Every structure is written in C-alpha cells, then in structure tokens.
Amino acid sequence: MNLKDMTALELGAAIKKGEISAVEAAKFSLGQIDKYDEKFSCFVTVQDDVLARAEEVQKKISSGELTSPLAGVPMGIKDNMCQKGIQTSCGSLMLKSFKPTYSATAVEQIMNAGAVPLGKLNMDEFAMGSTTETSYFGATKNPWNVKCVPGGSSGGSAAAVAANECFYALGSDTGGSIRQPASFCGVTGIKPTYGSVSRFGLVAYASSLDQIGPLARSAADCAAALSEIMKKDVKDNTSVKTEGVDLNSVLNYDVNGMKIGIPTDFFGEGLDKDVAAAIEAAAKQLEAMGATVEKFDMPIVKYAIPTYYIIAAAEASSNLSRYDGIKYGYRAEDFEDLLDLYTKSRSEGFGMEVKRRIMLGCFVLSSGYYDAYYRKALQAKALIKGAFDKAFEKYDLILGPVAPTTALKIGENLSDPLKMYLGDIYTVMINLAGLPAASVPCGFDSKGMPVGMHLIGNYFSETKILGAAHAYQQTTDWHKRTPSEI
Amino acid sequence: MAKTTSWETVMGLEVHVELATKTKIFCSCTTEFGGDPNTHCCPVCTGMPGVLPSLNRQVVNYAVKAGLATNCTITQYNKFDRKNYFYPDLPKAYQVSQLYLPICRNGGIEIEAEGGGKKIIGIHEIHMEEDAGKLVHDPWTDSTMVDYNRCGVPLIEIVSEPDFRSANEVIRYLEKLKAILQFIGVSDCKMQEGSLRADINLSVRPVGSDKFGTRTEMKNMNSFKAIARAINGESKRQIEVLEEGGVVKQETRRWDDNKDASFAMRSKEDAQDYKYFPEPDLIPIEISDEFIENTRNSLPELPEAKRQRYVSELGLSEYDAAQITSSKYLVALFEENLAAGYPAKEIANWIMGEVMRMLSDSGKEPEEMGFEYKYLGALIGMVQKNEITRNTAKKVFKSVFEEGCDPVKYVEENNLKTVTDTGAVKAAIEEVVAANQKSVDEYKSGKEKALQYLIGQSMRALRGKADPQTVTAILKEILG
C-alpha cells in the first residue's frame, strides 16, 4: 500500500477496513519525519508516545468504539494549541519551557475522534508573521523549494502536509495564517466562521480574529477534520452553535447554478501575473462546471490592511501582557527590581516582530490615540463586514487570490515588515468580517511554486465552500501534485 | 488667602464589594475566603496561555439586584472592557472590568444629611469586575510571593457622585449601602475580610464656591473608623496646604491609620494609562425587561421600608428602628422572635440593650453573633412567665451570647429558676433578719438604706432567684 499518495480520508477508510493498522500508519509518518524534517523543519516537537497512542486508537477502532472517518490517521498540531503535558511554545523563547496542564478544546475534540498526533508544528512567533521565519526554533522551509518560505504563520502545518510528514494538521488563522501557507505549499486549508471552532486553549494573538481550522491534501479531508471540531464549547464565550459541516454534502456537492463573484479590486497593483492567470483559469473551470462567475467592485479592500493591523496589534498587546516573567515562561536572569524584571524578561523573551506589534498595539490604545486609531478601525471593520453582507446578497461564493504572490525567498520580507503586511491584503478582510474562507490549490507559477485560490463564503457556509472546492478537485489535480523531492 | 475662610470638604466614593457567589466570575473555582495560598485557583483565574473566561451569570444577577436596590437604571446592553496594567498580583496583566457600558447607572441612596434633613447621594454607576490576587512579602527569604486565591473573585464597584460633605455622611452612606447589599444577599460586606472596601476622592473648596478643588484619592480603606479619621486628616491637610498658599496636587495617597496621616503614593503625572478597550473574549450581555421585572419583584423588603414599618406598625422608636434595620442580622434576630410571638417592643429593648452591649464589649459585628436567634425569645418568654428574674435573664444572656448555650437548659442546669415557694423565701429572709440585728435596728430607727441592705442580703441568700418585689414585701412584713 502506497501511503504517500493517500488522503487522510483514504487512509482512515483503509484503517477501518483493516487493510492497514493505525500503528503502521504512525510508523510511516514518523519515517517521513525522520526523512524530511531535518530539511524542512516543520515540527518543533515530535511526541515520544506516538506509537503507544496509535496502538490505543487501533484498539478502539477494532472494538468499534471509534468510528470517525479520520480515526487512526496521523496528524500534527500547530504549536499554539495547548496539549496537556506537551511543550506549547508558540514559536517563542518566551514559552519554550511551557507545558500546559490542559488541552485546547479543538485538540480534545480531534483526539476524541481518534487522531494520532505526531507533534507540534512550527509557526511564526505567537502567530505573528506570514513566513514562519520569526519562530525562535528557526525557519520552516517550503517543500516545493527549500529556498522559499512556506508562508505563515501556520507554515509548519502547511509544509508538513505538503511534505507528507502528516496527513492533515490543525492550524490557526488570524489574518490569513491558514490560507496563505496553504496557498504557498499547495495544500487545502480553511478558516471557519469566527465562533464556530472553540478558541479555548489556543494561545491568543488577536482574540476577535483568531480561529482554528484544518489544513490537508483535499477539501474533503478538511471537511472531515472540521466536522470534528466545529462544535459549541461552553469554555469559549464567543463560541456559537452551528450546524457544523456535513461531509456527505461536501462529497456530493454540485456547483451547477452557483453564483460566484470576483471583486475587481482584488486584481489591482501588486498582484503577480502568474497568480492572476491561475485564478482566472480556476474561474473558467468553475464556469465550465456550471457556475456563473461575475466581477463586481469592492473598493473597501484598501482599508483592510490598516484596519487589521490596528485591531490585531491592539488585542495582541493586551493578550501578550501576561508573559511577564512572573508565573511561567522566560524570566531574565539578572534584574534589579520589578520593572527591570518585566523589561528584561519581555525584551529578551520576545522576538522583533512580536515586539513591533506589541508596541504598535500599545500606541493605538493609548489615551489620546484610541479614538484616532482603534475606534476608527472598529468603524472600518463594520464597513468591511457590511460590504461582504451586501456581496452575499448576490453571490454564493466570492473568488479571488489568497496572496498577491507565490512563496517568497527566505529573508526577502523579513527586513521589510510593511511589504510583508501588504501580502495579507486579501486574507485579513475575511478575519475582520468573521467569514469562512478556504485556500484551494489551483495552479503553479512559472517557477513551479503553487498558487491557491481563495473561496470566501457567507457565515456558516463551510459546507458550501468545501463542497465547491471538492467539486473543483474532482475535475482538477493541482491538489494531488507533490513536491519533486518527496 | 485669609485664614478666616471657611472650607467645605467635597467627596465621592468608589466602593468595591465582593459578591457572595459560590464560584469566581470567569471560572468554577471557589470564592471561599482563606485557604492555603494558590489552592483556590485554576488555569483560567491564573491567566495561563490560551485560556478563556466563561461568565458566571450569578454575577450579572447580583449586579442587577444591587442596581435595582440602589435605584439605578439597568444598562440592558452592557459590555466588559480590559483595563491593562502590569502588576504581579494580576496574572493576565489586565483586569476585566466595565468602562464604556457599565451594567447600572444613575441611582442613589437617601441618607440623613449633616445638620438634619434627608439627602440623596447619587450613584454614578455600578460596574462588574474581577478581583486581583495578593502579594505576600516573606521576610525570611526577603522575597515576594503571589497568592492567586482572590484572583477572579467577582466584584461590583459602586461609584458615587461627589455628593458627600462630611465624614458622617460618608459613614451613613456606607452603613446604608452595606445594609442594603446584605439584605438583598449579594455580599456579606465583611470589611475585615476586605469584601467591602472604599476609595475616597476628596477635595476642599471655600464655602459658597461652585467649583471643585483638586482632588486626591485614598485607596482601599477598610474600616469605618479609619475612613472617618482619613477624611478628617486629609481635608485638614488640604486646607493647610491652601491656607499656606500652596496647591493641592492631584495624586493617590495612602492613609496610614497608625500614624494618623496620609502619604503620597503616585501623582497624576505617573498615573497609568490603562489602555481600556472592549474585552474580545466576552460577548455583550443583554438583559431583558422581563429579567429586570422578575429581579425587582424578587427583592426582599429593603432596610428603609422596614424601618418605616417598624415605627408605624410595630410602634418602635425611630432610633431603635434605625439601629435594628442597619443590619440584616439584627433584623433577622428581631423578626424571628417577632414571628415566634414575642412582643416587638420587648425584643427591641433586648436588642438595643443587652445585644448591643455584648456586641460592643466583645468588639463583634452583628454577623458574628454565634447563638441561635430563638434563644433570645426563650429568655424573654421565661421572664414573661416569671420563671426567671430579669436580672437572671441578663446574666444568662451573657452565656448565650458568649457560648451559644440554650438558655432553658442553662437555667435548669444551674438551678436559676425564680423561687416561687413563698415559704422558702420567707425562711431565707428570716435567717437574714436574725443574722443582721444591727441593720434591723437601724431600719426601725428610720434609716431607709438599711432596708436596701437587707433586701440585698436576702437576694444574695436566695441567689437572685426570687422576685425582688416579693422579697421586699415579705421583708417589710417581718420587720413589721
């Protein structure tokens, strides 16, 4: 059996049929990690209890106790989701020593479905970044080209799936952190509607924007994983009861008659020609499958970046204040007094990008600036939401690019944060509006790097988004391609 | 400025009250006072990475109750905000509080004004928030430890308008507020345990001026006596500064009750910028008309209404009614025995006399009375039935108050019942008369004092168990 080309659902089905055991599957993934991870640096931690866990899960599958389509499938978890007893570093020196005594609700839910976690996946420090270069544990490399970044912040998750080191992964998306690396690594990823997956145990970056979601080889795999975690949680006050995502409906979805809108403003200055061409081609394909595709104007796009960086930085500055060297995490060795302890611990424990965003956040919340920045940003956020509400009166889905470019060279953006922020132009709006959106592989650029299309749906339309993506993947093979090295 | 200027003190209060919920505001840890350090906490209240708050609805219920009982308008769409600052007792480095849309606004409480009459103290707002932990300095290791047990205990902060003009008004308001909150059951208001603490904003101005002076703030005052001293001390200090031609600095001051003086803690220039913003982890709270009406209807009779009823229906004096209704526990003592059928005035007399004296002698608060309330009625009943004398009853009450013993058993066991057998009384008196011939002679020669002595000796011989009037009558009969 060739596990290398299998999707998570195919592997889950084979385990259920007894064609392969969960332990064999885990051994395969551990072998892949052994073989490739030194090169790509996807994992921060590989768990030492993987085989024991696989054995336990296999027993429950054999006894009929576990029936989820993903039971026994090896997977990875982004290192900002707490997992009891396992280092949860957020890619930071600050939390290098942190082992939570509790698990994130999404981690518990995926474990209850029989997941076999392989370990914790690398990320930009505290999920701040679009390249996975800001991790304290070093940069993750793009399996399609090791000189390129995998995107970020869930770069470890996307690269691990692309490199076949795991069959699916959980990532988190605050301003594109699932979709952009999925696009850069040629895998499928979805950020669900805000509130539909519990954030309990997800180390917060920007609370009003953060959402957990899956990355996998196919839209169907994403649907299977998402259906396990899209559940209301009493431990998260912002969690809402939804109908979840229905795997069967996804697998039988027909795009015939679907109305798809393309915002012309997504095709402005800065968009790479190859990326534009791949998106246009995807639109044609969807049209050929019976959807109607139409362009429309969405001028609000130009406010997305400033709005996002004000709100996200403001919340981050508050969320990251708890890392003060007092209770857990990094503490500076020598300090004079309390203020010195705070200053040194935070100066040494956080990296540049995190400090930049904390300072930006403190600035926009300070008295005298709150009204000029934060309050204005909240107003702009409401306008962005309104623009999407209006668009969804007319369209079932909105289609566009995930990112203006394909994966950049390592180091290219690190010295120019503003340039990096501009790369988030298409994704951050979705978080501001709280909408669900997926990145679906739809081609390659002239250098052979993957391109993802952005499928944006109305609130709680995850089944529709993943259904359309699945239908598209039934007629294309972009998602099946693997990097030549693997 | 001439020294003859007379000054007016202007104050506003911020009162923090710990709510009597069983569990904390955002997690299910107990709110119980005490406990070994860091045993009443969990990942949520210690601000571990990734945890989220889940709101205890009882906190909202209690805040609404407090708002309605103090005549506030309930903000039917209210929200939490984050107040950001670094301190080791605040594990998230922000306190979840309410700035922009507090749950209650525009209320007031009526008090007796300085110089007579009534006056309303306005309540600007009441907001919900979480308490912080506590730093403990260990002199042995010269290090500071943190105890997070109090972290996340729910508080309401009741912010008054600057309507106070004297320490007395402040104390009256606090007493009234405390009684109301105890009656509606939202807080035990134990100042010694810090469940009611007040910050005082104080400024002075020349009498007649309509502008406020520069104010100072004194924080975390936790006894009425200390508050009164702090107010008088601080207004004196400000007046002195102004009279010497200086200016009062806007600052936070710490009142040191031992030194009878306040000390500057931090000035306005060092004031923190709390960078308030809406708490994204908690959705807005919506409160329906129906919920407000149900809560209003569920409120018990408040102290003010009780006071009026005690005067008009039960015939208590204004003073007695006011004293008894100042405490939920005195009211409970009064009403339980009233319900058992004892006369209102008799119970009130006991409370105003013996109960108050015992409280004052022992330095206890009414909530610390450790005896069963029905025992007071049992004592009154025994006196009514002439089973014991009033004096015996007072002595027995001391044991009831101090040891919580059952007075009926106590009287039985200590053989304190009034001697009703006149033959026995007579025999005892005859013995006294025989043994005190000198006093008998004196009495017979017209010295009234001698009679008192003989009565005293007779009562003593009877161990106080006889009715003094009966003793006097028999004694006079024997002496002829």
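**Q** Please clarify how the overall build of chain A should be interpreted in this entry.
**A** Scanning chain A from terminus to terminus reveals 16 helices and 11 strands. Expressed along its principal axes, the backbone C-alpha trace of chain A runs to roughly 65 × 55 × 45 Å. Looking at chain A as a whole, 62% of its 486 residues are labelled buried. Partitioning the intrachain contacts of chain A with sequence separation of at least 6 by distance along the chain shows that 76% fall at a separation of at least 24.

**Q** Would you mind showing me how to read the sheet that holds strand E15 (residues 277-278) of chain B here?
**A** Across a sheet, paired strands are connected by hydrogen bonds in the backbone, their directions being either parallel or antiparallel. All names here are of chain B. Here three strands make up an open sheet; going across it, the order is E5-E4-E15 and the pairing antiparallel. Looking at the sheet topology across the chains shown, the edges are occupied by strand E5 (94-97) and E15. Alignment of strand E4 (residues 81-84) against E5, held across four bridges, turns out to be antiparallel. Paired with arginine 82 across the two strands is valine 96, which belongs to E5.

**Q** Would you mind going over the domain arrangement of chain B with me for this structure?
**A** Interface size, as often reported, equals the accessible area lost upon joining of the parts. All names here are of chain B. Once the domains are mapped, chain B shows domain 1 (7-290), domain 2 (301-413) and domain 3 (422-479). On the side of domain 2, seven residues touch domain 1, which itself brings seven residues to the contact. Ranked by the residues each element gives to the side of domain 1 that touches domain 2, the list is headed by helix H2 (residues 167-183), at five residues.

**Q** Is there a simple way to explain the interface of chain A and chain B in this structure?
**A** Residue-level contacts link 35 residues of chain A with 26 residues of chain B. Of all the secondary structure elements, the ones that give two or more residues to the side of chain A that touches chain B are helix H10 (304-319) and helix H12 (352-365) of chain A. Take the side of chain A that touches chain B: its biggest share by element is three residues, from H10 of chain A. Here the side of chain A that touches chain B is built from residues that sort into 17 nonpolar, 11 polar and seven charged.

**Q** I'm lost on the environment of leucine 135 of chain B in this one. Help?
**A** Residue and element names in this part refer to chain B. Along the polypeptide, leucine 135 turns up in strand E8 (residues 134-138). By C-beta crowding, leucine 135 is classed as exposed, having 12 other C-beta atoms within 10 Å. Separated by 69 residues in the primary sequence, leucine 135 and valine 204 place their C-alpha atoms 34 Å from one another. If we skip the residues at most four places from it in the chain, leucine 135 touches Pro88, Asp89, Thr144 and Val146.

**Q** Help me understand unusual backbone geometry in this model?
**A** The phi angle of most residues is negative, glycine excepted, and most peptide bonds adopt the trans form. Across the junction of glycine 152 of chain A and serine 153 of chain A, the peptide omega takes the value 10°, indicating a cis bond. The phi dihedral of asparagine 38 of chain B falls on the positive side, at around 60°, and the residue is not glycine. Summarising the element assignment, asparagine 38 of chain B is placed in the loop between strand E1 (7-18) and helix H1 (57-69). A count of 14 C-beta atoms within 10 Å places asparagine 38 of chain B in the partly exposed class. In this structure, cysteine 189 of chain B is a non-glycine residue whose phi angle is positive, near 50°. Its location among the elements puts cysteine 189 of chain B in the loop between H2 and strand E11 (196-206).

The rules behind the values
- Residue positions are given per chain, counting from 1 as you read along its sequence in written order.
- Each chain takes a letter, starting from A, and each ligand takes a number, starting from 1, following the order in which they are written.
- Only residues with pLDDT of at least 70 are given local features in this predicted model, and only at 80 or more are side-chain atom pairs given and counted; all residues enter the totals for whole chains, interfaces and linings.
- To qualify as a helix, a DSSP run of H or I must reach at least 4 residues; to qualify as a strand, a run of E must reach at least 2; elements of each kind are numbered from the N terminus.
- Three exposure classes are used, based on other C-beta atoms lying within 10 Å of a residue's own C-beta, which is placed from the backbone: buried for 20 or more, exposed for 12 or fewer, and partly exposed in between.
- Residue pairs are scored as contacts if the distance between their C-beta atoms, which are placed from the backbone, is within 7 Å.
- Two strands qualify as a pair provided DSSP detects at least 2 bridges between them.
- Bear in mind that the domain bounds are from an automatic or database domain assignment.
- Polar here means any residue outside two lists: the nonpolar Ala, Val, Leu, Ile, Met, Phe, Trp, Tyr, Cys and Pro, and the charged Asp, Glu, Lys and Arg; Gly therefore counts as polar.

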